[in-house]
Amino acid sequence: MEFISLKNEKTSNIIKDVLLYPLKINKDESGVLVETLRKDWPEIYGPDREFFMQYYSITPSNATRDENVWHYHPTQEDRFIVAYGDIVTAVADNRNDSPTNGLLNLFYMRSDVNPYILLIPKKTLHGFMVVSKAPAVLLNFPTSLYNPKEEERIPYEQAKIKLPKGEMFSWDLVRKKFFARGNL
């Protein structure tokens, strides 16, 4: 199971249209400042990727944002940033017209080490799990206003997303990597 970060993104097989955009940590004696979204970052913001809203969620350690169902947006892209803690974001490509159809990526996102915006394309399945001991704060800058009628969910059993060795994906496999044997 490969966990993708800025360190290995160039050598990883990444789902079409997914983008990792590095953020710069500005740190001095008064603290830390990180710019999270600017309109002069054309790769992550621009026509069809305008800013519509921003929200944050706080999720406890070892918890997932959807344990047994994938969620996706037919018309919206998500832009995830971890502001505190560590998460693994799973993105699976189930778009029939995509050259990376069937591919699953697991993105390891840390707030204090090489932070980045993760652009999650329309129609791709996704969810995340907190893998730090502390809760995590996730920011999202979606490309549409929230509309509960636009959000879709697919049970894992129906989606049948598999790891490269053919094993069905589950968050328990991620838990084993991060919480077993005192990894944290």
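Structure first, text after, so check above.
Residues numbered from 1 in each chain as written. Predicted model: local features only at pLDDT ≥ 70, side-chain atom pairs only at ≥ 80, totals over all residues. Heavy atoms only, no water.

Q: Can you help me understand the overall build of the protein chain in this one?
A: On a plain count of helices and strands, the protein chain comes out with two helices and 14 strands. Taken over the C-alpha trace, the protein chain has a radius of gyration of 16 Å; the compact-globule value for 184 residues is 16 Å, and the two agree within 12%. With the principal axes as the frame, the protein chain shows a C-alpha extent of 50 × 45 × 35 Å. Residues classed as buried in the protein chain amount to 48% of the 184 residues present. Put simply, 78% of the contacts in the protein chain that link residues at least 6 apart link residues at least 24 apart. Total accessible area computed for the protein chain in this model is approximately 10000 Å², and 51% of it derives from carbon and sulfur atoms. Here the protein chain carries 24 positive and 24 negative side-chain charges, and the mean point of each set is 4 Å from the other. (Helix = DSSP H or I, 4+ residues; strand = E, 2+ residues; numbered from the N terminus. Rg over C-alpha atoms; globule rule 2.2 N^0.38 Å. Buried < 20%, exposed > 50% of the residue type's maximum accessible area, 1.4 Å probe, protein only. Contact = heavy atoms within 4.5 Å. Areas by Shrake-Rupley, 256 points an atom, 1.4 Å probe, with all protein chains shown as cover. Lys, Arg positive; Asp, Glu negative; His and termini not counted. Charge placed at Lys NZ, Arg CZ, Asp CG, Glu CD.)

Q: Honestly, the sheet that holds strand β8 (residues 78–84) in this entry has me stumped. Any pointers?
A: Two modes of strand pairing occur in sheets, parallel and antiparallel, and in both the strands are linked by backbone hydrogen bonds. Strands sit in the order β2-β11-β8-β13-β5 across an open sheet of five strands; the sheet is antiparallel. A strand with exactly one partner marks an edge of an open sheet, and here the two such strands are β2 (19–22) and β5 (55–59). The sheet shows a mean angle of 25° between the axes of neighbouring strands, taken without regard to direction. When β8 meets strand β11 (residues 116–120), the two strands line up antiparallel, connected through three bridges. Bridge assignment links Asp78 to a residue of β11, and that residue is Ile120. (Pairing = 2+ DSSP bridges. Axes fitted to C-alpha atoms, helices over the stretch in contact; angles between N-to-C directions.)

Q: Mind showing me how you'd approach the pattern of salt bridges here?
A: Oppositely charged side chains can form a pair if their charged atoms are brought close together. Taken as a whole and judged by the stated rule, the model has eleven salt bridges. Between Arg38 and Asp40 there is a salt bridge, and its shortest N-O distance comes to 2.7 Å. Of the charged contacts in the structure, one is a salt bridge between Arg175 and Asp172, with a shortest N-O distance of 2.9 Å. Here Arg175 pairs with Asp172, and both are found in helix α2 (residues 171–179), just three residues apart, close to one helical turn. With a relative accessible area of 44%, Asp172 lands in the partly exposed category. Through salt bridges that share partners, Lys16, Asp17, Asp93 and Arg95 make up one connected network. (Salt bridge = Lys/Arg side-chain N within 4 Å of Asp/Glu carboxyl O.)

Q: Looking at this structure, I do not really get the environment of Ser5. What am I missing?
A: Tracing the backbone through its elements, the reader meets Ser5 in the loop between β1 (3–4) and β2. A relative accessible area of 16% places Ser5 in the buried class.

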